[in-house]
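# Architecture and fold: a report
For reference, the chains in residue letters:
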Amino acid sequence: MSEVKPKRIAAAKQMKQVMADHFLGIDAASRDPKRKVAWCTSVGPAELLQGFGFEVYYPENHAAILGATRQATDYIPHANAVGYSPDICSYLTADVGAFLKGHTPLTQAYGIEAVPKPDVLVYNTNQCRDVQDWFMWYARHWDVPCLGIQTHRNIGPVADDHVTSIAAQLERLAGELEAIAGPLDPDRFRESVRLSRVCSELWEKVLRTGTAQPAALTFFDGTIHMGPAVVLRGTQVAVDYYTALLAELEQRVSEGVAAVEGERHRLYWEGMPVWGKLRPLSQQFLELNTCVVASTYCNSWVFNQLDPDDPYRSMARAYTELFIVRNDTVKEDYIAAMCDDYHVDGVVYHDAKTCPNNSNNRYGMPQRLSERLDLPHLVINGDLNDLRCYSEEQARTSIEAFVEQLDQAD
Ligand code: SF4
């Protein structure tokens, strides 16, 4: 029997170029003494950094490339050897391990010799503490400043005092950045916030083409096409890219084209991707005529609170209202609404061994939501980057059994 092929997205070609230009641009900036490079966490204050004219580099994206190219597992032990535990974030350990070995996948992809040396590293702990430890490792290595925002965690409703305290930290951060990069350009800052907002709205619309029946894109497509929303938000390039991608997907919706041919079941993915196994997982769901139509992960780069007329407070709100910052009550309401919007038949939880922050199966959530929504769930044990924590055979068998269970419920 011939293998069922995933449906190609034509805009992928444009995305590859956009990502190549991004990396080559930062590489050039890092070698130009007149330009400044900032490292930023994936949900860090990118717009403020752009307002100062920094080229912005995102190590999590680099670590995900190490995972997707199945190199991460080889490098993790090198970070373990200098005291960074195999139990902590495998983005951190893969990235630091690769650096210690003098390797970057950007060499093979773009001919770039090394990751760009930063003038400053800027984190937000809204996602976890690991990002701070990760950036501090590089700050010590290069003796460059490491600055950050400390966000409240595990919160219910986001109150005005949360926003006020984060906005004050952002303004303090701006003062610290001025000492490194000179004065902030307020127009550029506002424009970056505006473009981020537009990018976010387009990205959300792209993801919502998964609500169509059949869905026009899968979670696995989303993990590939989210690149520009992560590393190029705040730029016209990202806006142009998502305008093109959205047009293509809306065309699919209007013609009833399915991302998964013969779609029979629709699932929600909660948790991190298994970067090194995207292809076999996507292929298995394709062969089971089952579409993973939505995820928390891909929606984490939707920041619709951003407002160029109130850049500090709106950034504070956008980066605090994130799913990962919130308590289980808010998270469960969010997933329940998503399951309803996307007409989901079941939920898959990925328990990523080294990321408790993005593994929401550990405190009874799957059981509570299954009962509340009358939807079955499946927990897959694995990891984002460390493939030693993932049994492909076990995951394959569990997914097969889960889809059989859905078949029987039909
Ligand atoms: S949220 Fe998880 S994967 Fe992301 S940096 Fe933190 S520990 Fe690593």
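Described below are features of the structure shown in this document. Bear in mind that the values here come from a model prediction, so they are computed numbers and not experimental data. (Residues numbered from 1 in each chain as written. Predicted model: local features only at pLDDT ≥ 70, side-chain atom pairs only at ≥ 80, totals over all residues.)

### Overview of the pairing of strand E5 (residues 265–270)
Within a regular strand, the side chains alternate between the two sheet faces. Note the cut-off: Neighbour density around each residue's C-beta defines its exposure: 20 or more other C-beta atoms within 10 Å make it buried, 12 or fewer make it exposed, and counts between make it partly exposed, where C-beta atoms are placed from the backbone. Each helix corresponds to a stretch of at least 4 residues labelled H or I by DSSP, and each strand to a stretch of at least 2 residues labelled E; elements are numbered beginning at the N terminus. Strands are labelled as partners when DSSP assigns at least two bridges between them.
Counted residue by residue, E5 has six buried out of six residues, so it is predominantly covered. Where E5 meets strand E6 (residues 290–295), five bridges bridge the pair, whose relative direction is parallel. Following the sheet pairing, Tyr-268 is matched in E6 by Ala-294.

### Some points on unusual backbone geometry
In this model, Gln-213 is joined to Pro-214 through a cis peptide bond whose omega is 5°. Considering the arrangement of structural elements, one finds Pro-214 in the loop between helix H9 (186–208) and helix H10 (219–225). The backbone of Arg-70 shows a phi angle near 55°, a positive value even though the residue is not glycine. Owing to 13 C-beta atoms within 10 Å, Arg-70 belongs among the partly exposed residues under this scheme.

### Quick notes on the nonpolar core
What counts here: Under the definition applied here, buried Ala, Val, Leu, Ile, Met, Phe, Trp, Tyr and Cys residues are grouped into a nonpolar core through C-beta atoms within 7 Å. Here contacts are defined at the residue level, using C-beta atoms placed from the backbone and a cut-off of 7 Å between them.
Formed by 120 residues in total, the largest nonpolar core has its most connected members in Ala-38, Leu-49, Tyr-242, Tyr-268 and Val-347. The dominant element in this core, judged by the number of residues it contributes, is H9, at eight residues. Apart from residues lying up to four places away in sequence, Ala-38 is in contact with Leu-49, Phe-54, Val-56, Pro-118, Asp-119, Val-120 and Val-122.

### Some thoughts on the packing of helix H15 (residues 328–341) against helix H16 (residues 365–373)
To keep it simple, the criterion reads: Axes here refer to lines fitted to C-alpha atoms; in helices the fit is confined to the stretch in contact. Angles between the N-to-C directions go from 0 to 180 degrees. Roughly parallel refers to an angle under 35 degrees, roughly antiparallel to one over 145, roughly perpendicular to one between 65 and 115, and oblique to any angle outside these ranges. Handedness of a crossing is defined here by the sense of rotation of the near helix relative to the far one, left-handed for an anticlockwise turn of less than a right angle and right-handed for a clockwise turn. Following the grouping adopted for this structure description, the nonpolar residues are Ala, Val, Leu, Ile, Met, Phe, Trp, Tyr, Cys and Pro, the charged ones are Asp, Glu, Lys and Arg, and the polar ones are all others, Gly among them.
The interhelical angle for the contact between H15 and H16, taken along N-to-C directions, is 45°, at an axis separation of 11 Å. Between H15 and H16, the angle falls in the class oblique. Handedness of the H15/H16 crossing: right-handed. On H16, the residues touching Asp-328, Glu-332, Ile-335, Ala-336 and Cys-339 of H15 are Met-365, Arg-368, Leu-369, Arg-372 and Leu-373. When its residues are assigned to classes, the contact of H15 with H16 shows six nonpolar, no polar and four charged.

### Concerning the packing of helix H3 (residues 59–68) against helix H5 (residues 90–100)
With their axes 9 Å apart at the nearest point, H3 and H5 run at an angle of 85° to one another. Here H3 is positioned roughly perpendicular relative to H5, judged by the angle of their axes. In this structure, H3 uses Pro-59, Glu-60, His-62, Ala-63, Leu-66 and Gly-67 to contact H5, whose residues at the interface are Tyr-91, Ala-94, Asp-95 and Ala-98. The residue makeup of the contact of H3 with H5, split by class, is six nonpolar, two polar and two charged.

### Re the sheet that holds strand E8 (residues 377–382)
Read across the open sheet, the four strands follow the order E6-E5-E7-E8; overall the sheet is parallel. Looking at the sheet topology across the chains shown, the edges are occupied by E6 and E8. Across the sheet, the mean angle separating the axes of adjacent strands is 30° when strand polarity is ignored. Relative to strand E7 (residues 346–352), E5 is paired through four bridges, and the arrangement is parallel. What sits directly across from Trp-269, in E7, is Val-348. Along the sheet, helix H17 (residues 392–409) contacts E5, E6, E7 and E8; its crossing angle with E8, the most-contacted strand, is approximately 175°.

### With respect to the pairing of E8
The side-chain alternation of E8 yields one buried face, formed by Leu-378, Ile-380 and Gly-382, and one unburied face, formed by His-377, Val-379 and Asn-381. Across six bridges, the pairing between E7 and E8 is parallel. Among the inter-strand pairings, His-350 is bridged to a residue of E8, identified as Ile-380.

### What to know about helix H12 (residues 236–255)
What counts, and what does not: One fewer than the residue count of a helix, multiplied by 1.5 Å, yields its expected span. The arc under discussion is defined with respect to the helix axis, by the directions toward the C-beta atoms.
Helix length check: H12 (20 residues) gives 29 Å between terminal C-alpha atoms against 28 Å at 1.5 Å per residue, within 8%. Listed as buried for H12 are Ala-238, Val-239, Tyr-241, Tyr-242, Leu-245, Leu-246 and Leu-249. All buried residues of H12 project into a common sector of 155° when viewed along the axis, lining one side. Exposed positions of H12 whose direction lies more than 90 degrees from the buried face are Gln-236, Ala-247, Ser-254 and Glu-255. Turning to H12, the residues buried within the fold contact helix H1 (12–30), H9, H10 and helix H11 (227–231). Following H12 by one or two positions, Gly-256 has its phi on the positive side, about 70°.

### Comments concerning the sheet that holds strand E1 (residues 37–40)
The strand order across the open sheet formed by four strands is E2-E1-E3-E4, and the pairing between neighbours is parallel. Edge strands, defined here as strands with exactly one partner in the open sheet, are strand E2 (55–57) and strand E4 (146–149). Along the sheet, successive strands turn relative to each other by an average axial angle of 25°, direction set aside. Examined bridge by bridge, E1 and strand E3 (residues 120–124) share three bridges and lie parallel to one another. Of the residues in E3, the one forming a bridge with Cys-40 is Val-122. Contacts between helix H7 (residues 130–142) and the sheet are confined to E1, E3 and E4, with E3 contributing the most and set at about 170° to the helix. The strands touched by helix H8 (residues 160–181) are E3 and E4; relative to E4, the strand with the most contacts, the crossing angle is about 160°.

Any link to function would need more than the numbers given here.
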